[in-house]
Amino acid sequence: MIREEIVIVGGGPCGLAAAIACMEQGFSPIVIEKDNVVSAIHRYPTHQTFFSTSEKLEIGGVPFVIEERKPRRNQALVYYREVVKRKNIRVRAYEHVENVQKQKEGHFYIKTSKEEYIADHVIIATGYYDSPNMMNIPGEDQSHVLHYFKEAHPYFDMDVVVIGGKNSAVDAALELEKAGARVTNLYRGSEYSTSVKPWILPEFESLVRHEKINMVFNAEVVEITDNEVVYQVGEKVERVPAQFVFAMTGYHPDHSFLREMGVLVDRASGRPHFNPDSMETNVEGLYIAGVIAAGNNANEIFIENGRFHGAQIANSIQSKKK
């Protein structure tokens, strides 16, 4: 049994920021990450550019210096790796946390795929990228249906359907069209989402006007077969060829993981019960950081504001120690 003062579950930017904030208060936290640091960013599309400028993604006071105004995915990966090295953050990579339980004695028992820990405080910073929103339709579980888009080259000269109408769907459709895929974009909304990046929408609309991308609004997907997507527009049933399908339907936090720890979670909003000043949940000594605090509304918390949760948590832990 390994004894730790603070265990942080999740090695994304907000988990790393929490580790640095705790270190600045004199603690020696350990970060347990099931993949490697900032794995969600690693899973972004290969050529993705961030919406935010680099300074808004900085953590631990380490400057994020690039020539461009907005960083690309690979630049962010380099930056966060450098932060981990420069700050000497203790990270246990490729170690999956299986169970976190508050003990009668007041400490936490943490079981992972490799070790068992006892800790005074636990910070959950697991994000939401591992849990895609499912449509619950026939055929969704087939191997050619994907919820993550990495890069477009494998889909050259393929019939590809993109489901969704927000940034991830629009980005995927653009990259697929550039790579020579035949793209149909199905979106249940009646017009383009207001969340689509304003500098990208004109290019997308131009491709739709020139029939390079087949854009279908008010489309409710009914079924995915081996080679088609079946959808409805009003009462009319339509079919479109699909050798691959990208269901870019968003993601949600793992509510069950939090509930198993004793955290109260609002069933309607998915929002955990926590003190917004300290980020401490209803379970004393158990904190949350990053987008997991937003519940189902993933557009409420990003790296830009979630990176500050760590300081709130570190201050709370320090005040309890005094």
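Quantities reported herein were computed from a predicted structural model and do not represent experimental measurements.

A. Spotlight on unusual backbone geometry. In the Ramachandran plot, Tyr-94 falls in the positive-phi region, its phi being about 55° despite a non-glycine side chain. Structurally, Tyr-94 is set in the loop between strand E3 (90-92) and strand E4 (97-102). You will see that Glu-211, though not glycine, has its phi angle at about 60°, which is positive. Looking at where Glu-211 falls in the secondary structure, it is placed in the loop between helix H5 (201-209) and strand E10 (213-216). Look at Glu-211 and you get exposed, because its relative accessible area is 72%.

B. How the structure looks around the packing of helix H1 (residues 13-24) against helix H8 (residues 309-321). Between H1 and H8, whose axes approach to 8 Å, the crossing angle comes to 35°. The two elements H1 and H8 meet at a crossing, and its hand is right-handed. Contacts between H1 and H8 involve Ala-18, Ala-21 and Cys-22 from the former and Gly-310, Ala-311 and Ala-314 from the latter. Of the residues in the contact of H1 with H8, the class split is 5 nonpolar, 1 polar and no charged.

C. Structural detail: the side chain of Arg-307. Mapping Arg-307 onto the fold places it in the loop between helix H7 (303-306) and H8. Within the buried set, Arg-307 has no salt-bridge partner at all; the shortest N-O distance to an opposite charge, 5.4 Å, is to Glu-58. One polar contact links the side chain of Arg-307 to the main-chain carbonyl oxygen of Glu-55, over a distance of 3.2 Å. Polar side-chain contacts of Arg-307 include one of 2.8 Å to the backbone oxygen of Glu-58. Apart from residues no more than four positions distant in its own chain, Arg-307 is found in contact with Cys-14, Ala-17, Glu-55, Lys-56, Leu-57, Glu-58, Ile-59 and Phe-302.

D. Local environment of the nonpolar core. With 90 residues, the main nonpolar core has Ile-41, Tyr-80, Ile-110, Val-122, Ile-123, Ile-124 and Leu-176 as its most contacted residues. With 7 residues, the top contributor of residues to this core is H1. Other than its neighbours up to four places away in sequence, Ile-123 contacts Ile-6, Val-7, Ile-8, Val-9, Ala-18, Cys-22, Tyr-287, Ala-289 and Ile-313. If you look at the next biggest cluster of nonpolar residues, it comprises 14 residues, including Ile-137, Val-145, Ile-224 and Val-245.

About the cut-offs
- Along each chain, residues carry numbers from 1 onward, in the same order as the chain's sequence is written.
- Where totals are concerned, whole chains, interfaces and linings use all residues; where local detail is concerned, this predicted model gives features only for residues with pLDDT of at least 70, and gives and counts side-chain atom pairs only at 80 or more.
- Water and hydrogen atoms play no part in the side-chain values, which are based on all heavy atoms of the structure.
- Elements are defined by DSSP. Helices are runs of H or I of four residues or more, strands are runs of E of two residues or more, and each kind is numbered from the N terminus.
- Relative accessible area decides the class of each residue, using a 1.4 Å probe on protein chains only: under 20% of the type maximum gives buried, over 50% gives exposed, and in between gives partly exposed.
- To get an axis, fit a line to the C-alpha atoms, keeping to the stretch in contact for a helix; angles then go from 0 to 180 degrees between the N-to-C directions.
- Each crossing gets its handedness from the near helix: less than a right angle anticlockwise from the far helix is left-handed, clockwise is right-handed.
- Residues count as neighbours in contact if any of their non-hydrogen atoms are within 4.5 Å of one another.
- Residues are grouped as follows: nonpolar covers Ala, Val, Leu, Ile, Met, Phe, Trp, Tyr, Cys and Pro; charged covers Asp, Glu, Lys and Arg; every other residue, Gly included, is treated as polar.
- As used throughout, the charge tally considers Lys and Arg to be positive and Asp and Glu to be negative, leaving His and the chain termini uncounted.
- A pairing counts as a salt bridge when a side-chain nitrogen of Lys or Arg comes within 4 Å of a carboxyl oxygen of Asp or Glu.
- We call two N or O atoms a polar contact when they sit within 3.5 Å, provided that within protein one can donate a hydrogen and the other can accept it, with sequence-adjacent residues counted only if both atoms are side-chain atoms.
- Here, nonpolar core means buried Ala, Val, Leu, Ile, Met, Phe, Trp, Tyr and Cys residues that are tied together by side-chain atoms lying within 4.5 Å of each other.

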